[in-house]
Amino acid sequence: MPSFFIAVEGIDGSGKSTAVRTIADTLRHENYRCLLTEEPTNGPTGRLIRDKLEGRSPMVSPVDLQRLFIEDRRTHVHMVILPALQKTQTVVTDRYWLSTLAYGMLSHPLKAFTALHDEIFAGDFLMPHFTFLLDLPAEMAIERIRARGDGFDHFSKLETLKKIRLNYLELADRFDHIALIDASCDEETVNEALSRKLLRLIPGQT
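Remember, predicted model here, so these are calculated numbers, not experimental data.

Student: Could you give an account of the nonpolar core, with specific residues and numbers?
Tutor: Counting 61 residues, the largest nonpolar core has I23, L27 and F132 as its most contacted members. Looking at this core, the element that brings in the most residues is helix α3 (residues 62-86), giving eight residues. Once residues lying within four places of it in the same chain are set aside, the contact partners of L27 are I6, Y32, C34, T90, V92, L198 and I202.

Student: Describe the sheet that holds strand β4 (residues 130-135), and please don't skip the residues or the numbers.
Tutor: One open sheet holds the five strands; their spatial order is β2-β3-β1-β4-β5, and the pairing between them is parallel. Two strands lie at the open edges of the sheet, namely β2 (34-38) and β5 (178-182), each paired on one side alone. Adjacent strand axes in the sheet meet at a mean angle of 20°, parallel and antiparallel pairs treated alike. The sheet contact formed by strand β1 (residues 5-10) and strand β3 (residues 90-94) spans four bridges and is parallel. Following the sheet pairing, F5 is matched in β3 by V91.

Student: Residues and numbers for a negative patch on the surface, please.
Tutor: A surface patch of like charges, here negative, comprises D186, E187, E188 and E192. With respect to the element layout, E192 can be found in helix α8 (residues 187-201). Overall, the relative accessible area of 38% leaves E192 in the partly exposed class.

Student: Give me helix α5 (residues 110-121): which residues, what numbers.
Tutor: Between the first and last C-alpha of α5 there are 17 Å, a value that for 12 residues agrees with the 16 Å anticipated at 1.5 Å per step. In this structure, the buried side of α5 is in contact with α3, α4 (97-104) and α7 (158-174). Backbone geometry just after α5 places A122 at a positive phi near 55°.

Student: Please provide a residue-by-residue account of the packing of aromatic side chains, values included.
Tutor: The final tally for this structure, using the stated rule, is eight aromatic pairs. Ring centres 5.4 Å apart and planes at 65° place the aromatic pair W97 and F175 in the edge-to-face group. With W97 in helix α4 and F175 in the loop between α7 and β5, this residue pair connects regions lying 78 residues apart in the sequence. Relative accessible area serves as the criterion here: at 21%, F175 is assigned to the partly exposed category.

Student: Mind laying out the side chain of Q89, listing which residues take part and the relevant values?
Tutor: Relative to the helices and strands, Q89 resides in the loop between α3 and β3. What makes Q89 buried here is its relative accessible area of 19%.

Student: Before we move on, could you go through α8 and cite the residues and values that matter?
Tutor: Along its 15 residues, α8 runs 21 Å from first to last C-alpha, staying within 8% of the 21 Å computed at 1.5 Å per residue. Of all the positions in α8, only V190, N191, L194, S195 and L198 are classed as buried. Buried residues in α8, looked at end-on, bunch into an arc of 130°, giving them a common side. Set apart from the buried face of α8 by more than 90 degrees, the exposed residues are E188 and R200.

Definitions and limits used
- Residues numbered from 1 in each chain as written.
- Predicted model: local features only at pLDDT ≥ 70, side-chain atom pairs only at ≥ 80, totals over all residues.
- Heavy atoms only, no water.
- Core = buried A, V, L, I, M, F, W, Y, C linked by side-chain atoms within 4.5 Å.
- Buried < 20%, exposed > 50% of the residue type's maximum accessible area, 1.4 Å probe, protein only.
- Helix = DSSP H or I, 4+ residues; strand = E, 2+ residues; numbered from the N terminus.
- Contact = heavy atoms within 4.5 Å.
- Pairing = 2+ DSSP bridges.
- Axes fitted to C-alpha atoms, helices over the stretch in contact; angles between N-to-C directions.
- Patch = residues over 30% accessible without salt bridge, like charges linked within 9 Å, V, L, I, M, F, W, Y side chains within 5 Å.
- Areas by Shrake-Rupley, 256 points an atom, 1.4 Å probe, with all protein chains shown as cover.
- Salt bridge = Lys/Arg side-chain N within 4 Å of Asp/Glu carboxyl O.
- Lys, Arg positive; Asp, Glu negative; His and termini not counted.
- Charge placed at Lys NZ, Arg CZ, Asp CG, Glu CD.
- Expected span 1.5 Å × (residues − 1).
- Phe/Tyr/Trp six-rings, centres within 6.5 Å; stacked < 30°, edge-to-face > 60°.
- Arc of directions from axis to C-beta.

Structure below.
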């Protein structure tokens, strides 16, 4: 079977973790071998990022924060994603480069973060085959975050999430490999939409 690299994106509370599992289950039913992963990673840089987002470590400037994300991503690609793809595993990640663009655009233009990727990856960036963007109004996202009792991180504020959502939608218009999914529906409906769209994308399916 061929291998694919698939990213799942969206604001906090949009259901990315569930979507990653749904995508993996759909692919496994089609006899694909899957590896599920996420960003930030559990490596040293990823743990540092989580500490900053959750207030256990002083926050840095927006550009420096996204630099940490991209450095963590570079390690993620070379230590986890590429080795899995080389073993013909399909990789499904909860967040990838689109997050850096959407969140970074709160303070700086898009080109600042595409250039930062070029700098850190030295022009050897790995683009996903497909990206699923779970679109959810910020008000619903806040309700879901509160309901699951996870607490709110640095970005989990209503007005901030509204801006990030708009940034994601702008990016979806710019890049043609992004599949938009309405995440405001119930979980079963979202899962069915994800599976249908995924099966239309992979070879040999309709």
